[in-house]
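Residue-level listing of the chains:
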Amino acid sequence: MTPIIETRKLERTFGAVVAAADINVRIEQGETLGIIGANGAGKTTFVNMITGHLPPSSGAILFDGADITGNAPRQITRKGISRSFQIAQIFPDMTVIENMLVAITIAEEARLSPMRAAVTRARVERAREALGQFGLADSQDRVAGTLPQGAKKLLDIAMAMASRPKVMLLDEPTSGVSTEEKLAMMQHLMGALRQSGTTIIFIEHDMDIIGAHASRILAFYEGRIIADGSTAQVLADPQVRTHVIGQHVDREAGHA
Amino acid sequence: MNPLAFSRDRLLIAGLAIVLLAALVAPNWMRFLLQVSMSAGLVALGVMLQMRLGLVSFGQGLYYCIGGYTAAMLAVFTGINDIVVLAVAGTAVAGAVAFIAGFLMRRYRGIFFAMLSLALSMILYGILVKARALGSTDGFNIHHLSLLGFSLQGEVKQLATYSLTIVCVLASVLASRRYLSSSVGTVAEAIRENELRVEYLGSSAQVLVHYTYVLAALISGLGGVLFALAIGHVDPLMVYWSTSGQFVFVALLSGTVSVVAPLIGMLLLETVRMYAMAISPNTWQIILGTVMLAVIIFIPKGLFSVIMPQNRGGKS
C-alpha cells in the first residue's frame, strides 16, 4: 500500500549546521504519529520541510505517491496537507467566525472569485458547525486576538481543518497552554480530528500526552531519527530515554 | 464583513447618487466642484482599497496621470475624442500598466511597497517633464471633445462630462463594494492580519495583492480621465509626489469603513480648499492644514468612523 507520506534521505542544512539528516519515514493513512525530541533536535524542521515552509537541501518528499518536494505551502495545502503552528496563526483583529469564514472560503474555492460573495448562509452554517466541533461555538463573535491561548490554538487548527486535509501536522499544539487546560484540550482536539479520519502528525514535549494519543512515535536527536516504532517500544528505548525523555525529566526536575 | 456597516454603506451610496444627480440642475461652479472632487476621489478610493490590505501607495498619482494623459493624447494626437472611448482607453491603459507593474509590486509590503510605488510614479514624472512634445512641465490642453459623433461645446460639454462622471463614479463605487465582499476581497483583507496563515490555508497572498493593485489602478486611471475631461488639461503635476500624498491623506482622513468615504473626503477637502483660498488667498494652506490637523486629533480613525463605527466585540 502506498504510504500517505514518505520521505527519502531528507536533509536540511543551514551553512555548516545540519538541522535534519537522512530522514527516511513512511507514514500510513490514518496513523496518529507523535514526534518527540529535545529542543533543536530537528522536529519542526521536519514538519517545515513537509509543509513547504523550508525546502530540503536534498532528498525527496512523496505525498500519496506523488513528489511534492519544493512545492509552495499553498500548493501543498491544496493537495491535502494542512498544519498548525507552535504560535497560533490566526487573524487577530477579526472575530472568531470571520476567521473561520476566511478559511472556508479559501477551502471551497479552488480559484477565488472577485465577483462571488464570500459570506453565504451555507458557509456561515459550516463555520458554526466547525467551531462547535472544536468547542469554540460560544466565542464565535469574539475578536480572535482576545481569546485565551488554548482557544487560539484550537481556532488555528479548526481553520487548518477547513480544507478537510488528508494529513494534519500539529506543531506543539499544547505549547503555551496551561497544565490544567492541556489534557482536556488534547482530548477535544484529537476527538475532532479522529472523527474526520485525518492522518495526524503532532510534535509534543509532554510524554503523558504522547503516551495517551500517539499510536506510533518518531524520536529525533541532533537532526536524525533515533527511534521509530510503537509508542510503548519507543518510550522504552534506551537511546530515547537517554537523549529525549531523560533530558525532559531532567529539565522538569530542574524547574521544580 | 460587518453587515451593519454594509447596510449603512448602501444608504451612503444611494445618498451619493441623489446628490450627484441633483447637481445636474445646480449652478456650474457647484457641478464643477463635484466633478473635480469625484474624479480625484476615485484615486483616493484606489488608495483606500490597498490600505484595507495594509498597503499604502505613495505613488497612486501614477495611474491618475496615465489615465489622464492617455485620454488627452488620444484626443489631441489621434483625433479620437469621444468621451466614452477616452474613458475606456485611459482606464484600460492604466490597468495594463498596473498588471505588468503588479508582478513587481506584489512581492513587497510595508514601507518597501510605499517607496516602490513612489519611485515608479516619479519615473513617469521625470519622463513627462522632459517630453517637449507633451508640453514638458506645462502639459497640454484638450480642446475638442465629442459624444456619439456630436461635438461638445460650452455648457453641453460640462453637462456631458459631468454625466459621465456620475456614471463612472457610481459604477466604481458599486464595483469596489462588490469586490470587498467577494471571496478575493475578503481573503485579501486577511493578508493585512496574517499573510502566513493565508498561504497555509491554500491561497496566494501575492496574487490577491496583484488583483487589488490592478483594480485600484483601473479606478485611479478612470479618475485621471474624468479629471482631464473636467478641466481640459493635463500636466506632470498629476503624477508628482505631493499629488499622490494628497490621495493618501484623503484616504487616511476618510477611513476604510466605506467605499463612499474617500469620495466624500475628497469633496470636503476641495470645499475647504476653495473657501480657504477665497478667504485668505495668500495663506490658505494654514487654514487647510488646521482643518486637517483637527480631523487627525479629534477623529483619528477617519471621518466615517463617526457614522459607521466598526463593532469589534468591544475592541476599539
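The shown structure was predicted, so the numbers you read here are calculated from the model rather than taken from an experiment.

Caption draft 1: View of the overall build of chain A. Along chain A, the regular secondary structure elements total nine helices and ten strands. The globule rule puts the C-alpha radius of gyration for 256 residues at 18 Å, and the 18 Å found for chain A is close to it. Across its three principal directions, the C-alpha atoms of chain A cover 55 × 45 × 35 Å. Buried residues in chain A amount to 46% of all 256 residues. Counting only contacts in chain A whose residues sit at least 6 apart along the sequence, the fraction spanning at least 24 positions is 67%.

Caption draft 2: Structural context of the packing of helix α5 (residues 149-160) of chain A against helix α6 (residues 179-195) of chain A. Residue and element names in this part refer to chain A. At a minimum axis distance of 11 Å, the contact between α5 and α6 shows a crossing angle of 20°. When the interaxial angle is binned, α5 and α6 end up roughly parallel. Of the two elements, α5 crosses α6, and the hand of that crossing is right-handed. Contact residues: Gly150, Leu154 and Ile157 in α5; Glu181, Met185 and Leu189 in α6. Looking at side-chain class alone, the contact of α5 with α6 contains four nonpolar, one polar and one charged residues.

Caption draft 3: Inspection of the sheet that holds strand β6 (residues 81-84) of chain A at higher detail. Residue and element names in this part refer to chain A. Reading across from one edge, β6-β7-β8-β3-β9-β10 is the order of the six strands in this open sheet, with mixed pairing throughout. Two strands close off the open sheet at either side, each with one partner strand: β6 and β10 (224-230). Averaged over all adjacent pairs, the angle separating strand axes in this sheet is 15°, with direction ignored. Here four bridges tie strand β3 (residues 32-37) to strand β8 (residues 199-203), and the two strands are oriented parallel to one another. Residue pairing in the sheet places Ile35 in a bridge with Ile203 of β8. In the packing of helix α1 (residues 43-50) onto the sheet, the strands contacted are β3, β6, β7 (167-171), β8 and β9 (216-221), and the crossing angle to β7 comes to about 145°. On top of the sheet, α5 reaches β6 and β7; it is set at about 170° to β6, its chief contact.

Caption draft 4: Spotlight on the interface of chain A and chain B. Counting residues at the interface gives 33 residues for chain A, matched by 24 residues for chain B. Those elements that provide at least two residues to the side of chain A that touches chain B are α2 (73-79) and α3 (96-108) of chain A. Top contributing element to the side of chain A that touches chain B by residue count: α3(A), with six residues.

Caption draft 5: Here's a closer look at the confidence of the model for chain B. Of the residues in chain B, 95% reach a pLDDT of 70 or more, and the chain-wide mean stands at 90. Overall fold confidence (pTM) sits at 0.88, and the ipTM for the predicted complex is 0.89.

Caption draft 6: Just unusual backbone geometry, in detail. Its identity is not glycine, yet Asp22(A) carries a phi of approximately 50°, on the positive side. Within the secondary structure, Asp22(A) is located in strand β2 (residues 17-27). Although it is not a glycine, Ser136(B) sits at a positive phi angle of roughly 50°. Along the chain, Ser136(B) falls in the loop between α5 (110-130) and β1 (140-141). What makes Ser136(B) partly exposed here is the crowd of 14 C-beta atoms within 10 Å.

Caption draft 7: Up close: the packing of helix α4 (residues 83-105) of chain B against helix α6 (residues 154-181) of chain B. Residues and elements named next belong to chain B. At their nearest, the axes of α4 and α6 sit 11 Å apart, and the two run at 40° to each other. By the angle between their axes, α4 is oblique relative to α6. The handedness of the crossing between α4 and α6 comes out as right-handed. Contacts from Ile83, Val84 and Ala87 of α4 reach α6 at Ala160, Thr161, Leu164 and Cys168. Of the residues assigned to the contact of α4 with α6, the class counts are six nonpolar, one polar and no charged.

Caption draft 8: Quick peek at the environment of Val177(A). Tracing the chain through its elements places Val177(A) in the loop between β7 and α6. Not counting residues up to four positions away in its chain, the partners in contact with Val177(A) are Gln149(A), Gly150(A), Lys153(A), Lys182(A) and Met185(A).

Caption draft 9: A look at the environment of Phe304(B). All names here are of chain B. Structurally, Phe304 can be placed in helix α13 (residues 304-307). Residues Phe304 and Ala40, spaced 264 residues apart in sequence, show a C-alpha to C-alpha distance of 18 Å. Every residue in contact with Phe304, bar those within four places of it in the chain, is listed here: Ser254, Gly255, Val257, Ser258 and Ala261.

Caption draft 10: Spatial organisation of the nonpolar core. Met100(A), Leu155(A), Ala158(A), Ala219(A) and Ala44(B) are the most contacted members of the largest nonpolar core, which totals 176 residues. Among the elements that make up this core, the one with the highest residue count is helix α9 (residues 205-231) of chain B (18 residues). Discounting residues that sit within four places of it in the chain, Ala158(A) has contacts with Met100(A), Ala130(A), Leu131(A), Phe134(A) and Leu136(A).

Caption draft 11: View of the sheet that holds strand β4 (residues 58-63) of chain A. All names here are of chain A. With antiparallel pairing, four strands are arranged side by side in an open sheet as β2-β1-β4-β5. Of all strands in the sheet, those with a lone pairing partner are β2 and β5 (66-67), marking the two edges. Examined bridge by bridge, β4 and β5 share two bridges and lie antiparallel to one another. What sits directly across from Phe63, in β5, is Ala66. In the packing of α1 onto the sheet, the strands contacted are β1 (5-14), β2 and β4, and the crossing angle to β2 comes to about 65°.

Caption draft 12: Structural detail: the pairing of β1(A). Residue and element names in this part refer to chain A. Relative to β4, β1 runs antiparallel, the two being bridged by five bridges. Paired with Glu11 across the two strands is Ser58, which belongs to β4. The pairing of β1 with β2 spans seven bridges and is classified as antiparallel. By the bridge assignment, Leu10 is partnered in β2 with Ile23. Counted along the chain from β1 to the antiparallel partner β2, the turn is two residues long, and its residue Gly15 has a positive phi close to 65°.

Caption draft 13: Main features of the confidence of the model for chain A. Looking at chain A as a whole, its pLDDT mean stands at 90, while 96% of the residues score no less than 70. No element of chain A has a lower mean pLDDT than helix α9 (residues 238-255) of chain A, at 68, and none a higher one than α3(A), at 96.

Reading the values: rules and limits
Residues numbered from 1 in each chain as written. Chains lettered and ligands numbered in written order. Predicted model: local features only at pLDDT ≥ 70, side-chain atom pairs only at ≥ 80, totals over all residues. Helix = DSSP H or I, 4+ residues; strand = E, 2+ residues; numbered from the N terminus. Rg over C-alpha atoms; globule rule 2.2 N^0.38 Å. Buried ≥ 20, exposed ≤ 12 C-beta atoms within 10 Å, placed from the backbone. Contact = placed C-beta atoms within 7 Å. Axes fitted to C-alpha atoms, helices over the stretch in contact; angles between N-to-C directions. Parallel < 35°, antiparallel > 145°, perpendicular 65-115°, else oblique. Left-handed = near helix turned anticlockwise from the far one by under 90°. Nonpolar A, V, L, I, M, F, W, Y, C, P; charged D, E, K, R; others polar. Pairing = 2+ DSSP bridges. pLDDT = per-residue confidence, 0-100. Core = buried A, V, L, I, M, F, W, Y, C linked by C-beta atoms within 7 Å.

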